Amino acid sequence: VSEELVKTGEGMKLLTTYKSPLYDLDGSVMGTVGVGIDVTRERAYEEELRRENHALETLFTTMDCGVMCHSMDGSRILSINRAALEILGYETLEEMLADGFQTVASSVVDEDKPALRGSIHSLDTVGDSVSVEYRVRHKDGRLLHVMGNIKLVEENGERFYQRFLLDCTAQKIREEEERTEKERQ
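Residues numbered from 1 in each chain as written. Predicted model: local features only at pLDDT ≥ 70, side-chain atom pairs only at ≥ 80, totals over all residues. Heavy atoms only, no water.

### Observations regarding the overall build of the chain
- Within the chain one finds five helices and eight strands.
- The linear arrangement of helices and strands in the chain, starting from the amino end, is β-β-β-α-β-β-α-α-α-β-β-β-α.
- In terms of overall dimensions, the chain is more spread out than a globule: its C-alpha atoms have a radius of gyration of 28 Å, far above the 16 Å expected for 185 residues.
- In terms of overall dimensions, the chain has C-alpha extents of about 105 × 35 × 35 Å along its principal axes.
- In the chain, which comprises 185 residues, the proportion classed as buried is 29%.
- Expressed as a percentage of contacts within the chain between residues at least 6 apart in sequence, the contacts between residues at least 24 apart total 36%. (Helix = DSSP H or I, 4+ residues; strand = E, 2+ residues; numbered from the N terminus. Rg over C-alpha atoms; globule rule 2.2 N^0.38 Å. Buried < 20%, exposed > 50% of the residue type's maximum accessible area, 1.4 Å probe, protein only. Contact = heavy atoms within 4.5 Å.)

Encoded structure:
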C-alpha cells in the first residue's frame with residue numbers, strides 16, 4: 001500500500017495504490033496486480049481542515065478575551081486559553097488547579113464567589129446564558145474587575161459550561177473617576 005502522485009489527462013492526481021504480486025501455476029511471480037484509488041480531493045480537504053484548525057487554535061490561544069470550558073460539576077477544565085489564565089491570575093492551568101478550582105477559581109474574591117456560582121448553576125437548558133460581574137485578586141495584590149458570560153452548551157452528548165472573561169478594570173476605574181468628579185462639582 002502506498003500513495004503515488006501520477007500524471008493523468010486531467011492533471012496530477014494522488015492515488016492510494018494497493019499492489020500485490022501475481023503468481024503463475026508453478027509459484028513464480030509473473031507480474032503485479034494492483035488497484036489505485038484517487039484520493040486527491042480527500043487529501044486537499046484534510047489539508048484545508050488542518051489549516052483551518054490551526055487558524056482557530058491560534059485565535060483561541062492569542063485572543064485577549066478569556067475563554068474556558070469546564071464540566072458541569074466543575075471538576076474538569078476542558079479547555080482554557082492564555083487570556084483566561086492571566087485574568088484569573090495564573091501562569092498555567094496546573095497552577096490554577098493546584099490552587100483549588102471547583103467551578104470558580106480560588107482567586108475570585110470571596111464575597112463574589114456565591115453570586116458567581118449561583119449564576120453558573122442557574123443555567124438549566126442548553127443555550128441558556130448569563131452575564132455576571134465579579135472581582136479577582138491576583139497574588140501580587142492587584143484587584144481586577146471581570147465581566148463574565150457563561151453559557152450552557154452540549155457537544156457529543158456532554159453538557160458543559162463555556163465561559164468568556166473580559167477584564168473591565170480600566171472601565172471601572174474610569175467610571176469611579178467620573179463619579180468622583182461629578183460629586184466634586
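### Focus on the side chain of R163
- If you trace the backbone, R163 turns up in strand β8 (residues 158–167).
- One buried charge, R163, has no salt-bridge partner; the nearest side chain with opposite charge is D112, at 11 Å.
- Among the polar contacts listed, one links the side chain of R163 to the backbone oxygen of T103, at a separation of 2.7 Å. (Lys, Arg positive; Asp, Glu negative; His and termini not counted. Salt bridge = Lys/Arg side-chain N within 4 Å of Asp/Glu carboxyl O. Polar contact = N/O pair within 3.5 Å; in protein donor to acceptor, adjacent residues only side chain to side chain.)

### Considering the environment of V132
- If you trace the backbone, V132 turns up in strand β6 (residues 129–137).
- With a relative accessible area of 9%, V132 lands in the buried category.
- C-alpha separation for the pair V132 and V39, spaced 93 residues apart in sequence, amounts to 50 Å.
- Not counting the four nearest positions on each side in its chain, V132 is found in contact with L116, S119, V146, M147, G148 and I150.

### A word on a nonpolar patch on the surface
- Residues V1, Y18, V35 and I37 make up a contiguous nonpolar surface patch of roughly 400 Å² in combined accessible area.
- Structurally, the position occupied by V1 is in the segment before β1 (2–8).
- Note on V1: relative accessible area 77%, which makes it exposed. (Patch = residues over 30% accessible without salt bridge, like charges linked within 9 Å, V, L, I, M, F, W, Y side chains within 5 Å. Areas by Shrake-Rupley, 256 points an atom, 1.4 Å probe, with all protein chains shown as cover.)

### Things to note about the pairing of strand β5 (residues 77–80)
- Inspection of the sheet shows strand β4 (residues 66–71) paired to β5 by three bridges, in the antiparallel sense. Note on β5: the bridge partner recorded for M68 is I80.
- Counting the residues that bridge the hairpin from β4 to β5 gives five residues, and of these G74 lies at a positive phi of roughly 80°. (Pairing = 2+ DSSP bridges.)

### Looking at the pattern of salt bridges
- All told, the structure shown has 19 salt bridges when counted by the stated rule.
- Taking the shortest distance from any N to any O, the salt bridge between E47 and R50 comes out at 3.1 Å. In this pair, E47 and R50 both sit in helix α1 (residues 40–62), three residues apart, roughly one turn of the helix.
- The exposure class assigned to E47 is partly exposed, which follows from its relative accessible area of 33%.
- Across the pair K113 and D110 runs a salt bridge whose closest N-O atoms are separated by 3.3 Å.
- According to the relative accessible area criterion, K113 is buried, its value standing at 15%.
- Residue D110 is classed as exposed on the basis of its relative accessible area of 55%.
- Linked through salt bridges whose partners overlap, the residues forming this network are E3, R43 and E46.

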